[in-house]
Amino acid sequence: MPTLTKLWAREVLDSRGRPTVEVEATTSTGVSALAIVPSGASTGRHEALELRDGDPHHYGGLGVRRAVEKVRTEIAQLLVGVDVDNQREVDERMIRCDGTPNKSRLGANAILGASLAVAHVAAAARREPLWAHLNRLYNHGNEPNETIAPSVPLPMVNMISGGLHAGRNLDFQDFLVIPVGAKSYSQALAMICECYRSLGRVLAKHGEEATLVGDEGGYGPKLKSNARAVELIIEAIEAAGLRPGSGMAIALDVASTHFYDVDTNTYRLSSDGSLARTADDMVALLSEWTEKYPIVSIEDGLAEDDWNGWEKLTRQLGGRVQLIGDDLFATNTARLTHGIEQSAANAVLIKINQIGTLSETFDALHLARANGYRAIVSARSGETEDTTIADLATATAAGQIKIGSVARSERLAKYNRLLRIEEELGTGATFAGAGALKLKSLHA
Ligand code: PGA
Ligand code: ZN
């Protein structure tokens, strides 16, 4: 039973060149492992708090030296001596010691770094891949007689970036594709790359600057409307010889919280018809789009606290489209419970740093599964070489993963990790595939 003997932290940089927390854990058996915390840009109000220094002389106030110090002192004191296999105990100690509802005292970045580093070192001490260790932890919290086998997730992949990730060139944040026709993860990835290259050629043909990419590696063209982005992607799918809809489907992350005006209760679009819209107008627009285009998944179609709007959206589209709550749920079981009770959304985006510990992430995934909500494990727009989410999505058989585009190495590190996992699982590897979307129209 290896115990934790040392916990250390340092300030490193993420994919936007902003500081983030790296934590290194060491066991009594002399094994060490690292984890790095991601960071969002289009963050929701209900996320756990990321501690930043606010010192204008150090990375313009974005430094994380205080969070690093918390790990080196308070958190290390709290955790040294603990059994590294006891993830729940590790996480609960930190939650209790922090004592705030949003982890603002120790910082969700400090807490998550420690939580993940312990999981990594526990797996390393057992000489097993992280996904195997996480799968055991995940099943431990399960109902008796239900063992979830690991499964490689179906990716949803950013092709065109807008919103806060690409200088507000478009209102909607992500225009993505889902390789629903793929029979394996590696085939899915090859199809995605085909589609991405094809889109580059399509954009160039239409006189768009295809080489400029957003924070998550999607192309960032300045198009005349949001609908135009969808149309160009369909053209790219066809040009790549893939079938729009049955081979390659479309997904959106509207990220509407970020163009919602709380004072007037309206959604402020800069194109696609009337500019100020009510929730009903948004539901009508999205319904129209799902009829016109092969869209199978919509994330944050409405804002983070527009529960009534979400209920309407779900009533109207929930039977035929995956409706994902990102800012809406913030990977928080209390918010997800509210959503389940109100029949708002039918899927949850899972971001480890929205909630701040691995155990609470498992709780959100268990809750989603028990209530028939789909789950999509997601990266943040600020990422690093850390690949934990690839193992997490596989270990919990979440079904889907959202990492960003197939450009920029902080994204590819995860896509490549999934290739290795697929190989490690060998002939027994199950691929979640289109079934993860639970849409009747796709179940051939
Ligand atoms: P974020 O974006 O990491 O900037 O919050 C990702 C998303 O909205 O899904
Ligand atoms: Zn989102």
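Just above sits the structure.
Now for a description of the structure that goes with this document. (Residues numbered from 1 in each chain as written. Chains lettered and ligands numbered in written order. Predicted model: local features only at pLDDT ≥ 70, side-chain atom pairs only at ≥ 80, totals over all residues. Heavy atoms only, no water.)

**Observations concerning the sheet that holds strand β7 (residues 260-261)**
For step 1, the next point in the chain: Read across the open sheet, the 3 strands follow the order β7-β8-β9; overall the sheet is antiparallel. With one partner strand each, in any of the chains shown, β7 and β9 (276-277) form the two edges of the open sheet. (Pairing = 2+ DSSP bridges. Helix = DSSP H or I, 4+ residues; strand = E, 2+ residues; numbered from the N terminus.)

**Brief notes about the environment of Ala-236**
For step 1, the next point in the chain: On the secondary structure map, Ala-236 appears in helix α6 (residues 226-239).
For step 2, the next point in the chain: Note: C-alpha distance between Ala-236 and Leu-203 (33 residues apart in sequence) is 8.8 Å.
For step 3, the next point in the chain: Not counting residues within four places of it along the chain, the set of residues in contact with Ala-236 comprises Cys-195, Ser-198, Leu-199 and Val-202. (Contact = heavy atoms within 4.5 Å.)

**Focus on the coordination of the zinc ion (ligand 2)**
For step 1, the next point in the chain: Around the zinc ion (ligand 2), the donor atoms from the protein are Asp-253 (OD), Glu-299 (OE) and Asp-326 (OD), and they sit 2.0 to 2.2 Å away.
For step 2, the next point in the chain: We note that the donor set of the zinc ion (ligand 2) lies within a single chain, spaced as D-x45-E-x26-D. Linking Glu-299 in strand β10 (residues 295-299) with Asp-326 in the loop between β11 (322-325) and α9 (333-342), this pair joins segments that are 27 residues apart in sequence. Just as Glu-299 is buried, Asp-326 falls in that class too. (Donors = N, O, S within 2.8 Å, 3.2 Å for Na, K, Ca; no water. Buried < 20%, exposed > 50% of the residue type's maximum accessible area, 1.4 Å probe, protein only.)

**What to know about the pairing of strand β4 (residues 154-161)**
For step 1, the next point in the chain: With 8 of 8 residues buried, β4 is to be regarded as a mostly interior element.
For step 2, the next point in the chain: By the bridge criterion, 3 bridges tie β4 to strand β14 (residues 399-402) in an arrangement that is parallel. From the neighbouring strand, Met-156 faces β14, where its bridge partner is Lys-402.

**Side note on the packing of aromatic side chains**
For step 1, the next point in the chain: Evaluated as defined, the whole model comprises 10 aromatic pairs.
For step 2, the next point in the chain: With a centroid separation of 6.2 Å and 15° between ring planes, the pair formed by Phe-172 and Phe-175 is classed as stacked. Like Phe-175, Phe-172 is buried.
For step 3, the next point in the chain: Look at Phe-259 and Tyr-267: their rings are 6.4 Å apart centre to centre, the planes differ by 75°, and that puts the pair in the edge-to-face class. Take Phe-259 and Tyr-267: they sit in the same class, and that class is buried.
For step 4, the next point in the chain: Taken together through their ring pairs, the aromatic side chains of Phe-172, Phe-175, Phe-259, Tyr-260, Tyr-267, Trp-289 and Tyr-293 make up a single cluster.
For step 5, the next point in the chain: The side chain of Lys-6 reaches across the aromatic face of Trp-8, ending 5.3 Å from its centre. (Phe/Tyr/Trp six-rings, centres within 6.5 Å; stacked < 30°, edge-to-face > 60°. Lys NZ or Arg CZ within 6 Å of the ring centre and 35° of its normal.)

**Considerations on the sheet that holds strand β5 (residues 174-178)**
Two modes of strand pairing occur in sheets, parallel and antiparallel, and in both the strands are linked by backbone hydrogen bonds.
For step 1, the next point in the chain: Strand order in the closed barrel formed by 8 strands is β4-β5-β6-β10-β11-β12-β13-β14, with mixed pairing between adjacent strands. Taken over all neighbouring pairs, the strand axes of this sheet differ in orientation by 30° on average, direction set aside.
For step 2, the next point in the chain: One ladder, built from 4 bridges, connects strand β6 (residues 249-253) with β10; its direction is parallel. Directly across from Leu-252, in β10, lies its bridge partner Ile-298.
For step 3, the next point in the chain: Contacting β6 and β10, helix α7 (residues 279-292) runs over the sheet at an angle of about 155° to β10.
For step 4, the next point in the chain: Across the sheet, helix α8 (residues 307-317) touches β10 and β11, and the angle it forms with β11 is around 160°. (Axes fitted to C-alpha atoms, helices over the stretch in contact; angles between N-to-C directions.)

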